[in-house]
Structure formats: C-alpha cells, structure tokens
Amino acid sequence: MKIAILPGDGIGPEIMKQAVKVLNVLGERFELETADVGGAGYAGHGHPLPASTLALARAADAVLFGAVGDYKYDSLERSLRPEQAILGLRKELALFANLRPAILYPELAGASTLKPEVVSGLDILIIRELTGDIYFGKPRGVRECPDGPFKGEREGFDTMRYAESEIRRIAHVAFQAAQKRDRRVTSVDKANVLETFQFWRDIVTDVHKEYPDIELDHMYVDNAAMQLVRAPKKFDVLVTGNMFGDILSDCAAMLTGSIGMLPSASLDANNKGLYEPSHGSAPDIAGKGIANPLATILSAAMMLRFSLGRPEQAERIETAVKAVLAQGLRTADIYEPGTTRVGTDEMGDAVVKALA
Ligand code: IPM
Ligand code: MG
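These numbers come from a predicted model, not from an experiment.

Asker: What exactly am I supposed to notice about the pairing of strand S8 (residues 184-189) here?
Answerer: In regular strands, side chains alternate between the two faces of the sheet. In terms of burial, S8 is a largely internal element, 5 of the 6 residues being buried. Inspection of the sheet shows S8 paired to strand S9 (residues 215-220) by 6 bridges, in the parallel sense. The partner of aspartate 189 across the bridge, within S9, is tyrosine 220. Taken together, S8, helix H7 (residues 195-208) and S9 constitute a β-α-β crossover, and its handedness is right-handed.

Written out as structure tokens, the structure is:
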C-alpha cells in the first residue's frame, strides 16, 4: 500500500511526523513517500502543486495531507498561492466527496465555547461537495461591468453552478453514509434565492426516492448556521455544496472545542482519497512544537478505513486517541486546568504508546 505523504507548510510537517510515527507502529507494510506541496512546493519547485507531487498522489493508494499556506506566500499571484495545491489535488484527483465528521469526545466537553449540555455527545457528519460550485465555476475574474447601475466600472465575478450528475453523486454519498448512522439527512441550500440551489434541492429530492429508509429534510444555509450553534445534536448527516460546506464545516468543527481534533476525508468515486486535518497551517505557531497532531492522526485512521481496507487498524488508532485523552493529556488548544499540557511530539508519542 503506497501512501503519499504531503506535509505542506506551517505546522504541517510537525503534525505529519506524528501521524507517520503512528502508521509505522501498526505492523503493516506501508510504502510512505513524501513530497513538497503548497508553499513548500513553490519554494522547492516553483509551483504549489509540482508535477512530481501530483504524479505521486495519482500513483498512491491514498494521500495524507498536512496543511498549506504561510504569510510569506500571501502576495504571490493566485495561481501560485499555496491554496492552489489543495484545490488542484481535489480537482485533478476528482475528490468530489468531502467527509467532515464533528465529534465531541466526552473528555473535551469543557473545551467547547458552547454549554456542555448543548454539545456533549455531538456526532454529526458534514458532507461537502468538493469539486463544483462557485469554487471552480467559470467564467470568473475581474472585468468591465457590462450593464446595470455600475456599467463601465470594474467588477469582480464568479460563477455558481452544479451539473445534475454532480448533485446526484454527492446525494448518494450522503444517503449511503446516513444508512450507517442515524438515517437522517439534512440537505442545506439557498433555494429561496439561488437557481443553482433550487436545482440542488430538486435533484436531492429525486435521489431520495431511492432511499425510503432515510429521512430527508431541507434547510436554508442561514438557518442551518443558526441551528448548528443552537441545537447541533439535532443533525445527523448534513449535505451541502462546496461554498456552504466550507463555512458550515468550520462552524461545526468549533462546536467540538477544537478544530485541532477533526479529521477529514476527500474521496473520489472509487473511494481513493486524500485525508487531511480540518484545520489549517497555523503559521503563527509553526515550529513551536505546540500544535495538536490528533486531527492528522485521526485522518490517518480515516484513510485506513475508507481507502486502505483496514477498518480494524482505524479503530485501534481511534481507541488510542481516546485513551490519551482519558489520561488527561492535552495540547495547548484543548488544555483545561486539571489536565496535563503536552507538546506535539509528546502527544504523538503518547498515541504510539497507547497503540502498543
Ligand atoms: C478547507 C479550506 C480550503 C477551502 C482552502 C484552504 C482553499 O478552507 O479545506 O476548508 O476553502 O476549501
Ligand atoms: Mg475551509
């Protein structure tokens, strides 16, 4: 099993090191190959997604991705910015289904900014369509405004769009995921305003006919944002487009107290996938050894489950993570008085020890 290891920028390399340690003690034969991506790709090869990195990702059975982005690349033109690496990988590998679970471990109930009774036991799954919508729609750019009250001025514009088959396939992913959970799907849209999302609603409703065992409801995205902080436990699976999913998944992540805890999977039609923590590269704390590696370690667990056919190894890792939390070990982002503060390396070592 060949795994492409793409650490990226900021805290990426530190947290990836911990996930690699974990993979190495599972007793499996993995072939791990590391490559530059993001700012590191630009620095080393002149492009955030170097051709050699893309080739490695294509050849691998799965990709484990750290994070990309650093202040020093902010002034580059858009096509060379670190974010293009992850957007390019999603598009090139056709990773249209993004699974972002938001689970609150009981030990961390106090780390949430919401009252424990609102969030304790939270277990929701956000499914974000990842290769369509306004993120990739064309045309886009800055042009001279062709008509209306601002005619002749410069205007920035993007295109929101979804093809029918794109909506169908993500709806299937959502309904099938719900079959393994509480059998409820909330489709989030903006059908009251946007053509794209009225179409989305119609298609999701149609696909639902194939899943009579699943309860489907539709919710406008503004209401969904509100319900996520008001009564998040009412949700089971949320499915939505690329843009809304970007926003709602950060919101859902924070319900759990720390975005440093949440893994994610981005899958293609054959369950080949890219796995990454839901958080970013956090350049402000890079190199300090304080970043939380658990989201990356849990991403490796998701990879074992979804792409590598090793669900029992995934469970071992998840159990080990629960064990270190139960031991009271906490990185700075989830620290509370009465627990033991540890650094990135110590946390990784603790998981390795718990695995043994
Ligand atoms: C995410 C990130 C990315 C996105 C950025 C880094 C391009 O915010 O994975 O949620 O917007 O999709
Ligand atoms: Mg985001």
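Asker: What am I meant to see in the packing of helix H11 (residues 311-326) against helix H12 (residues 344-355) here?
Answerer: In helix packing, the relevant descriptors are the interaxial angle and the interaxial distance, both defined with respect to the helix axes. Running from N to C, H11 and H12 cross one another at 120 degrees; their axes reach a closest spacing of 8 Å. In terms of their interaxial angle, H11 and H12 are classed as oblique. Handedness of the crossing formed by H11 with H12: right-handed. Residues Arg316, Ile317, Ala320, Val321, Ala323 and Val324 of H11 pack against Met347, Ala350, Val351, Ala354 and Leu355 of H12. Taken together, the residues that form the contact of H11 with H12 break down as 10 nonpolar, no polar and 1 charged.

Asker: Explain the site of ligand 1 to me, please; I cannot follow it from the model alone.
Answerer: Near ligand 1, the surroundings consist of Glu83, Arg90, Arg100, Arg128, Tyr135 and Asp246. One of the side-chain N or O atoms of tyrosine 135 is found 2.5 Å from an oxygen atom in ligand 1. The separation between an oxygen atom of ligand 1 and a polar side-chain atom of aspartate 246 is 2.9 Å. Class assignment of the residues belonging to the shell around ligand 1 gives a composition of 1 nonpolar, no polar and 5 charged.

Asker: Which parts of the structure should I look at to understand unusual backbone geometry?
Answerer: Of the consecutive residues lysine 138 and proline 139, the connecting peptide bond is found in the cis state with omega at 5 degrees. Mapped onto the elements, proline 139 comes out in the loop between strand S5 (123-129) and strand S6 (141-144). The backbone phi angle of alanine 94 is positive, close to 55 degrees, even though this residue is not glycine. Mapped onto the elements, alanine 94 comes out in the loop between helix H4 (83-92) and strand S4 (97-103). The backbone phi angle of alanine 282 is positive, close to 40 degrees, even though this residue is not glycine. When you line up the elements, alanine 282 lands in the loop between strand S12 (273-277) and helix H10 (294-306). The class for alanine 282 is partly exposed, based on a relative accessible area of 25%.

Asker: Hey, could you run me through the side chain of threonine 196 in this one?
Answerer: Secondary-structure assignment places threonine 196 in helix H7. The residues touching threonine 196, leaving out its near neighbours within four places in the chain, are Met160, Arg161 and Tyr162.

Asker: How do you make sense of the sheet that holds strand S2 (residues 31-34) when you look at a structure like this?
Answerer: Adjacent strands of a sheet form backbone hydrogen bonds with each other and so pair up, either parallel or antiparallel. An order of S2-S1-S3-S12-S11-S4-S5-S10-S8-S9 is seen for the 10 strands of this open sheet, with the pairing classed as mixed. Strands at the two margins of the open sheet, each flanked by one partner only, are S2 and S9. Recorded for the sheet is a direction-independent mean angle of 20 degrees between the axes of neighbouring strands. When strand S3 (residues 62-67) meets S12, the two strands line up parallel, connected through 3 bridges. Counterpart to alanine 62 in the pairing with S12 is glycine 273. Along the sheet face, helix H9 (residues 242-255) touches S4, S5, S8 and strand S10 (237-240) and points at about 155 degrees away from the line of S5.

Asker: Whenever I open this one, the packing of aromatic side chains confuses me. Can you help?
Answerer: The description of two aromatic rings rests on the distance between their centres and on the angle between their planes. Taken as a whole, this structure holds 6 aromatic pairs when the rule is applied. Considering the side-chain rings of tyrosine 162 and tryptophan 200, the 5.3 Å spacing of their centres and the 55 degrees angle between planes classify their relative orientation as tilted. Here tryptophan 200 lies in helix H7 and tyrosine 162 lies in the loop between strand S7 (154-157) and helix H6 (164-179), a separation of 38 residues in the sequence. Assigned by exposure class, tyrosine 162 and tryptophan 200 land together as buried. Three or more aromatic residues joined by ring pairs make a cluster, and in this case those are Tyr162, Phe197, Trp200 and Phe244. Just above the ring of phenylalanine 136 sits the side chain of lysine 91; from NZ or CZ to the centre is 4.7 Å.

Basis of the calculations
- Residues numbered from 1 in each chain as written.
- Chains lettered and ligands numbered in written order.
- Predicted model: local features only at pLDDT ≥ 70, side-chain atom pairs only at ≥ 80, totals over all residues.
- Heavy atoms only, no water.
- Buried < 20%, exposed > 50% of the residue type's maximum accessible area, 1.4 Å probe, protein only.
- Helix = DSSP H or I, 4+ residues; strand = E, 2+ residues; numbered from the N terminus.
- Pairing = 2+ DSSP bridges.
- Right-handed = clockwise from strand over helix to strand, strands pointing away.
- Axes fitted to C-alpha atoms, helices over the stretch in contact; angles between N-to-C directions.
- Parallel < 35°, antiparallel > 145°, perpendicular 65-115°, else oblique.
- Left-handed = near helix turned anticlockwise from the far one by under 90°.
- Contact = heavy atoms within 4.5 Å.
- Nonpolar A, V, L, I, M, F, W, Y, C, P; charged D, E, K, R; others polar.
- Near = heavy atom within 4 Å.
- Polar contact = N/O pair within 3.5 Å; in protein donor to acceptor, adjacent residues only side chain to side chain.
- Phe/Tyr/Trp six-rings, centres within 6.5 Å; stacked < 30°, edge-to-face > 60°.
- Lys NZ or Arg CZ within 6 Å of the ring centre and 35° of its normal.

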